[in-house]
Amino acid sequence: MDVFEAVTQRKSIRKYKDKEIEKEKLIKVLESARIAPSASNRQEWKFIVVKDENTRSRLVSAAHYQKFVGQAPVTIVACSTESERIMPCGQHAYTVDLSIAVSFMMLEATELGLGTCWLGAFDEEAVKEILGIPSDIRVPAMFTLGYADENPAARPRKALNDIVCHEKYE
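Residues numbered from 1 in each chain as written. Predicted model: local features only at pLDDT ≥ 70, side-chain atom pairs only at ≥ 80, totals over all residues. Heavy atoms only, no water.

**Q** So what exactly am I meant to see when it comes to the nonpolar core here?
**A** One finds Val 77, Val 127, Leu 131, Ile 133 and Val 139 to be the most contacted residues of the largest nonpolar core, which totals 22 residues. For this core, the secondary structure elements donating two or more residues are α3 (53-62), α4 (68-71), β2 (74-80), β3 (115-119), α6 (124-131) and β4 (138-146). Counting 21 residues, the second-largest nonpolar core is a separate cluster that includes Ala 33, Ala 78, Leu 98 and Ala 101. (Core = buried A, V, L, I, M, F, W, Y, C linked by side-chain atoms within 4.5 Å. Buried < 20%, exposed > 50% of the residue type's maximum accessible area, 1.4 Å probe, protein only. Helix = DSSP H or I, 4+ residues; strand = E, 2+ residues; numbered from the N terminus.)

**Q** Help me understand the layout of surface pockets in this model?
**A** Left-over empty space is what a probe sized like a water molecule reveals as it rolls over the atoms. Taken as a whole, the largest pocket encloses approximately 340 Å³ of empty space. Lining the largest pocket are 13 residues, and of these Arg 10, Lys 11, Ala 154, Arg 155 and Arg 157 lie nearest its centre. For the lining of the largest pocket, the residue count by class is five nonpolar, two polar and six charged. In this structure, the second largest pocket encloses a volume near 190 Å³. Listed by contribution, the elements that provide at least two residues to the lining of the second largest pocket are α3 and α4. Per-element accounting of the lining of the second largest pocket gives the leading share, three residues, to α3. (1 Å grid on protein atoms, 1.4 Å probe; cavity = no way out; pocket = protein on both sides within 12 Å on 5 of 7 lines; lining within 4 Å. Points joined across faces, edges and corners; volume = space filled by probe spheres on them. Nonpolar A, V, L, I, M, F, W, Y, C, P; charged D, E, K, R; others polar.)

**Q** How should the packing of aromatic side chains be read in this particular structure?
**A** Given two aromatic rings, their pairing is described by the distance between the two centres and the angle made by the two planes. Considering all chains together, one arrives at one aromatic pair under this definition. Ring geometry for Trp 45 and Phe 47: centres 5.8 Å apart, planes at 50 degrees, overall tilted. Classification of Trp 45 as buried rests on a relative accessible area of 11%. Residue placement shows Lys 19 over the ring face of Tyr 147; its charged tip is 4.2 Å from the ring centre. (Phe/Tyr/Trp six-rings, centres within 6.5 Å; stacked < 30°, edge-to-face > 60°. Lys NZ or Arg CZ within 6 Å of the ring centre and 35° of its normal.)

Okay, structure coming up:
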């Protein structure tokens, strides 16, 4: 599978098989984050791999009661170890860096035959409390990981000419 194929095949999975992820596959997914680009190559991040069933169940309430969070065999929580740095473009570096790293992990998971779902609907403070994350650490993203037990239809997308401009904003 090439990268474009992984991009086109990736879907948000909300139903998972009761099947453990092989250690080698999980390591490859995590390795994808380790080698992902970050601003000034600072790699100001940590990733918490949550496999414990009780902890995953507790994360369901923190994730606005999305039950599949407890069903997936793994939830990966992306943490920023430095959240104050602003890039010259005006954006917080951690939001960009962790978005890149999580995207890389999700594409690698797709290549390995695993399903994922990016979680944006969660209570950051509740997640921090459940996982013992210090108050100065930000949690911009989480995602579920496991073997899909569904094959949802592709979601509609805008046409390329509706989202791309050439030379100037139109």
